[in-house]
Amino acid sequence: MILATSAVDGSSIFTSGSGYTFKFTATNSYGRSDFDTISVSAGRAPWGGNFTVTPTNGTTMITPFKMTTKDWKDDATSLPLKYSFGYTASEYGTRRILRAVKLFANATTEAMPLGDSTNEYKLTVDVRAIDQIGAYSSIERTITVISPPTNQRNSVASNTISNIDTTSAKAEDVVEV
């Protein structure tokens, strides 16, 4: 496997779906040399999928949001696909994982964090379809996640904490804060 990144910015230097020919030359201590070439094709990222989120409006820590993706395609040599679900919170600006990469698991139901209070409580959720070589494509959707009514916030927080199942937690599930 040839992995190449740009020395300038670390980005990939192969274009998805394009072909490349490499020439390798070896020279011995007597100055004699020989060469050979190899041609490779850069794999394409998965394509053609769809992503649905229902409902599109809800309340943080209360509403279960069902996210489903299907109809992805990829080159036969890059299958099977794995899927990861996440969101991007405006205060962090980076993707947070809701459900890590799992083979064939193309749906998840999750309670969501509060949306951006400066942008009508919008929250961007996404799915990534990832193939065997790590190439991926993603689709985003915007949902609205509001805060519970003031008179329900304490009970919502208490219920959420009491519903945490600590008996089935594994060491790898624990996240340092």
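Residues numbered from 1 in each chain as written. Predicted model: local features only at pLDDT ≥ 70, side-chain atom pairs only at ≥ 80, totals over all residues. Heavy atoms only, no water.

**A closer look at the sheet that holds strand β9 (residues 122–130)**
Spatially, the five strands line up as an open sheet ordered β4-β10-β9-β6-β7, and their pairing is mixed. Each having just a single partner strand, β4 (57–59) and β7 (95–103) make up the two edges of the open sheet. Going across the sheet, the axis of each strand differs from the next one's by a mean of 30°, ignoring polarity. (Pairing = 2+ DSSP bridges. Helix = DSSP H or I, 4+ residues; strand = E, 2+ residues; numbered from the N terminus. Axes fitted to C-alpha atoms, helices over the stretch in contact; angles between N-to-C directions.)

**Digging into the sheet that holds strand β3 (residues 50–54)**
Reading across the sheet, the three strands line up as β3-β5-β8 and stay open at both edges, with antiparallel pairing between neighbours. Looking at strand neighbours, the two that pair on one side only are β3 and β8 (107–111), the edges of this open sheet. Averaged over all neighbouring strand pairs, the angle between strand axes comes to 20°, with direction disregarded. Judged from the five bridges that link them, strand β5 (residues 64–70) and β8 form a sheet pairing that is antiparallel. Each residue of the ladder has a partner; that of M67, found in β8, is T108.

**Remarks on the nonpolar core**
Formed by 19 residues in total, the largest nonpolar core has its most connected members in F51, M67, M112, V125 and I143. The element contributing the most residues to this core is β9, with four residues. Those residues in contact with M112, other than ones at most four positions away along the chain, are T60, M61, T63, F65, M67, L98, L123, V125, I143 and V145. (Core = buried A, V, L, I, M, F, W, Y, C linked by side-chain atoms within 4.5 Å. Buried < 20%, exposed > 50% of the residue type's maximum accessible area, 1.4 Å probe, protein only. Contact = heavy atoms within 4.5 Å.)

**Comments concerning the pattern of salt bridges**
Applying the stated criterion to the full structure yields two salt bridges. Measuring nitrogen to oxygen at the nearest pair gives 2.6 Å for the salt bridge that ties D75 to R44. Note that D75 is positioned in the loop between β5 and β6 (82–88) and R44 in the loop between β2 (33–41) and β3, a separation of 31 residues in sequence. In this structure, D126 and R95 form a salt bridge, with 2.8 Å as the shortest nitrogen-oxygen distance. Remark: R95 occurs in strand β7 and D126 occurs in strand β9; sequence separation between them is 31 residues. Residue classification places D126 among the buried positions, given a relative accessible area of 4%. (Salt bridge = Lys/Arg side-chain N within 4 Å of Asp/Glu carboxyl O.)

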